[in-house]
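For reference, the chains in residue letters:
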Amino acid sequence: MKIFVAWDDLEQIDLMTLYLSNEDNELFTTTDAEEGYSTFSGQGGWDVAVISVRLPDIDSGYNLFRRIRTLRPEVPVICGCNSEDIYRLARFMVGGMKSYLLRDKNGDFLFLLSAMLESVVEWVRAEREQTIAGKLREEVESVRKIQETIIPKDVVPPKGYRVVACYEPSQVRVIGGQPVTMAGGDYYDFFTLPDDRCGILIADVSGHGTPAAVVMAVLHSLAHMYPGDPMNPSLLLNHLNHHLTTRYTSESGHFVTAFYGIYDDRTRELTFSSAGHNPPRLRHCGHQDVTALNHATSMPLGFMPDVTYQNHTIVLRPGDRIVFYTDGITEAANPGGELFGTDRLDQIVGCCHRDTQGSLDQVVTAVNEFTHHVPPSDDRTLVIADVT
């Protein structure tokens, strides 16, 4: 600690020097208020100041205290006073004094000095950390609210589909153990296309927090400003990958897994392309067996600019169900480190008698119970679409 001491008793200053001088402390002492202020104002990095309220009198001591507080309000000040002067501490308290030492004739109070200094410095550091944490919480909350405007709130089912979706952002704990809801990199969206077709895009940006949310927002803009053929999923992924790698992810190190599918209600065909995303789960009507849509998959977006994505087409039937999700669902872990996994997911969504919303609610409940309701460390996104 860098300690400033302005005191009115030379013998007590000698004892302070004895008690406080060690390799971890840098100590300055004076009995003169003007000399003290000159040194204090001429240097920086002070951790704490110790001032006698009489230097040599109350008015002079308070004047030094006030000047120090005005110049460096972040430096905590401890005042020392005799018992007969304790009532005079009121204006010091109003001025921001952090603590005080009650002096006794034998000087026994000096044995408490080192512990008090350390306590006050730690107290001030904790206050600063709480202030910083509060500001960071506000910034994260602002980013998260912007992100919420991008992710669809009210899902309007495309023609030929019953669709439900949910998104749960990750949380972290900060000072005081309070969870902070983070902005994240999960993203899903729906695109209304000509001829009774609709597009479903789900993506997951690597990493967490604000950087991932920024890349997600960029992805959203690129997808909605795509000027090419809206009927070809692989061309959209080519477009997203080219712009991400050439302008956004080459230096940040982020990448994006994505799955984009276009459903044609007239033919019940689903044409899709995948950039390394978790394969959606497909349950055919009348069968509880669930399969993975793991065709036409390639590298995540943002790695290499010259990747060419491919398409694959399947024919669906009324009653078929497709489950789109991010790894926050299947990689949710219980206290023992076991992952929720696709088997548990398939068991729930493969149940034919459970409707679309009921299946989504059951997955969310199962994941929360599996993790013992611990706040998610990764975003969780789930979209379930039933063919009508």
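Everything below is about the structure shown above.
Remember, it's a predicted structure, so these values are computed and weren't measured experimentally. (Residues numbered from 1 in each chain as written. Predicted model: local features only at pLDDT ≥ 70, side-chain atom pairs only at ≥ 80, totals over all residues. Heavy atoms only, no water.)

Reading across the sheet, the five strands line up as β6-β18-β17-β13-β14 and stay open at both edges, with antiparallel pairing between neighbours. Each edge of the open sheet carries a strand with a single partner, namely β6 (161–168) and β14 (290–292). Strand-to-strand twist in this sheet, taken as the mean axis angle between neighbours without regard to direction, amounts to 20 degrees. Pairing of strand β17 (residues 321–325) with strand β18 (residues 380–387) involves five bridges; the strand directions are antiparallel. Among the inter-strand pairings, Phe 324 is bridged to a residue of β18, identified as Val 383. (Pairing = 2+ DSSP bridges. Helix = DSSP H or I, 4+ residues; strand = E, 2+ residues; numbered from the N terminus. Axes fitted to C-alpha atoms, helices over the stretch in contact; angles between N-to-C directions.)

Moving on to helix α2 (residues 33–42). Among the residues making up α2, those that are buried are Ala 33, Gly 36, Tyr 37, Thr 39 and Phe 40. Along α2, the residues classed as buried sweep out an arc of 165 degrees about the axis, all on the same side. The secondary structure elements touched by the buried residues of α2 are β1 (2–6), β2 (26–30) and α3 (58–71). One side-chain oxygen of the residue at the start of α2 lies 3.2 Å from the amide nitrogen of Glu 34, identifying that residue as Asp 32. (Buried < 20%, exposed > 50% of the residue type's maximum accessible area, 1.4 Å probe, protein only. Arc of directions from axis to C-beta. Contact = heavy atoms within 4.5 Å. Polar contact = N/O pair within 3.5 Å; in protein donor to acceptor, adjacent residues only side chain to side chain.)

Below, the discussion takes up the sheet that holds strand β5 (residues 99–103). Pairing within the open sheet is parallel, and its five strands lie in the order β2-β1-β3-β4-β5. In the strand order of this sheet, the two ends are held by β2 and β5, each with one partner. Adjacent strand axes in the sheet meet at a mean angle of 15 degrees when their direction is disregarded. With five bridges joining them, strand β4 (residues 77–82) and β5 adopt parallel strand pairing.

Turning next to unusual backbone geometry. A cis amide bond links Leu 55 to the next residue, Pro 56, at an omega of 0 degrees. Along the chain, Pro 56 turns up in the loop between β3 (48–52) and α3. Not every positive phi belongs to a glycine, and Asp 195 is a case in point at roughly 60 degrees. In this structure, Asp 195 sits in the loop between β9 (186–193) and β10 (197–205).

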